[in-house]
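Chain by chain, the residues:
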Amino acid sequence: MDTGTPAPRRRMRADARRNYERLLAEAAAAFGEHGADFSLEEIARRAGVANGTLYGHFPTRRALLEALMGDRMRTLATTGEELLAHPSPFDGLAAWARAAMAHTTLYRGLGATLMQAIEDETSELHTACKAVLAAGEGLVARARAAGAARPDVTAPDLYALVNAAAWAGEQSSALQAERLLAFGLDGFRASTTGADDHMPSQR
């Protein structure tokens, strides 16, 4: 299983490096199977190390998630920047939303952790989350400016949709998540027939 293991940030002894890599591998497997709230102590046990060793490398759950996902989050931000050059502003926005949902559904419960990290400047995930948010904001602004997205659509609307679709996938299936995301994105499109056509019937 590819855990996307990043290189440790400081030079380690060989035994410390082995512990670090074992912890990341066990965390990736456990979070993938049980969700992002899985017991850290159980991860340490599975890796064959003491709890103190785990917390020495990763003082918090968010630090462990950042080590696992930091590179993926930076890639998602870069993808957003690249999609600013997409010939269709709305298709670029939709492509990024699908990539963001795939990222959010990597571990069950991850979406809530990421949303908390956005507001918490002390979180190890905060910087990466802000870069991802900036990428989404740029794509939404471009689609609005091109008249491809409704003028009242905002970046927080996009993040809410992605997280709602991810949550639906956790409760049901990946197909359901994709359907919900597609329906939501259709609602983001600029109307070509007038706003009244989007209003529910009053009958």
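None of these values were measured; they are calculated from a predicted model. (Residues numbered from 1 in each chain as written. Predicted model: local features only at pLDDT ≥ 70, side-chain atom pairs only at ≥ 80, totals over all residues. Heavy atoms only, no water.)

Attention now goes to helix 1 (residues 14-34). Compared with an ideal rise of 1.5 Å per residue, which puts 21 residues at 30 Å, helix 1 spans 30 Å between its outermost C-alpha atoms and is within 8% of the ideal. Inspection of helix 1 places Ala16, Asn19, Tyr20, Leu23, Leu24, Ala27, Ala28, Ala30 and Phe31 among the buried residues, and these make up the whole buried set. Packed against the buried residues of helix 1 are helix 2 (40-47), helix 3 (51-57) and helix 4 (61-83). Following helix 1 by one or two positions, Gly35 has its phi on the positive side, about 110°. (Helix = DSSP H or I, 4+ residues; strand = E, 2+ residues; numbered from the N terminus. Expected span 1.5 Å × (residues − 1). Buried < 20%, exposed > 50% of the residue type's maximum accessible area, 1.4 Å probe, protein only. Contact = heavy atoms within 4.5 Å.)

What follows is about the nonpolar core. With 60 residues, the main nonpolar core has Phe31, Ile43, Trp96 and Tyr107 as its most contacted residues. Only helix 1, helix 2, helix 4, helix 5 (89-104), helix 6 (110-119), helix 7 (126-145), helix 8 (155-171) and helix 9 (174-188) provide two or more residues apiece to this core. The biggest single contributor to this core is helix 4, with 10 residues. When near neighbours in sequence (up to four residues on either side) are disregarded, Ile43 contacts Leu23, Glu26, Ala27, Ala30, Phe31, Phe38, Leu54 and Leu64. (Core = buried A, V, L, I, M, F, W, Y, C linked by side-chain atoms within 4.5 Å.)

Below, the discussion takes up the packing of aromatic side chains. Under the defined criterion, the tally for this structure stands at two aromatic pairs. On the basis of an interplanar angle of 65° and a centroid distance of 5.6 Å, the ring pair of Phe31 and Tyr107 is categorised as edge-to-face. One end of the pair, Phe31, is in helix 1; the other, Tyr107, is in the loop between helix 5 and helix 6, with 76 residues separating them in the sequence. Residue classification places Tyr107 among the buried positions, given a relative accessible area of 3%. (Phe/Tyr/Trp six-rings, centres within 6.5 Å; stacked < 30°, edge-to-face > 60°.)

Mapped onto the elements, Asn19 comes out in helix 1. What makes Asn19 buried here is its relative accessible area of 17%. The residues contacting Asn19, other than those within four sequence positions of it, are Val49, Thr53 and His57.

This part is about the UniProt feature "DNA-binding region" (unreviewed entry) in the protein. Under the present numbering, the feature "DNA-binding region" (unreviewed entry) in UniProt falls on residues 39-58. When the span residues 39-58 is considered, its composition is 75% helix and 0% strand, and the gap between its end C-alpha atoms is 13 Å. (UniProt positions renumbered as here; feature names shortened; annotations may be inferred.)

We now examine the packing of helix 4 against helix 5. Geometry of a packed helix pair, given as the angle between the helix axes and the separation of the axes. In contact at an axis separation of 9 Å, helix 4 and helix 5 are set at 175° when each is read in the N-to-C sense. As the angle between them shows, helix 4 and helix 5 are arranged roughly antiparallel. Of the residues in helix 5, those touching helix 4 at Met69, Arg72, Met73, Leu76, Thr79, Gly80 and Leu83 are Gly92, Ala95, Trp96, Ala99, Ala100 and His103. Class assignment of the residues belonging to the contact of helix 4 with helix 5 gives a composition of eight nonpolar, four polar and one charged. (Axes fitted to C-alpha atoms, helices over the stretch in contact; angles between N-to-C directions. Parallel < 35°, antiparallel > 145°, perpendicular 65-115°, else oblique. Nonpolar A, V, L, I, M, F, W, Y, C, P; charged D, E, K, R; others polar.)

Before going further, it helps to spend a moment on the pattern of salt bridges. Counted by the stated rule, this structure contains eight salt bridges. For Asp152, the salt bridge is made with Arg150, and the minimal N-O distance between the two is 2.8 Å. When salt bridges with common partners are traced through the structure, they connect Glu42, Arg45 and Arg46 into a single cluster. (Salt bridge = Lys/Arg side-chain N within 4 Å of Asp/Glu carboxyl O.)

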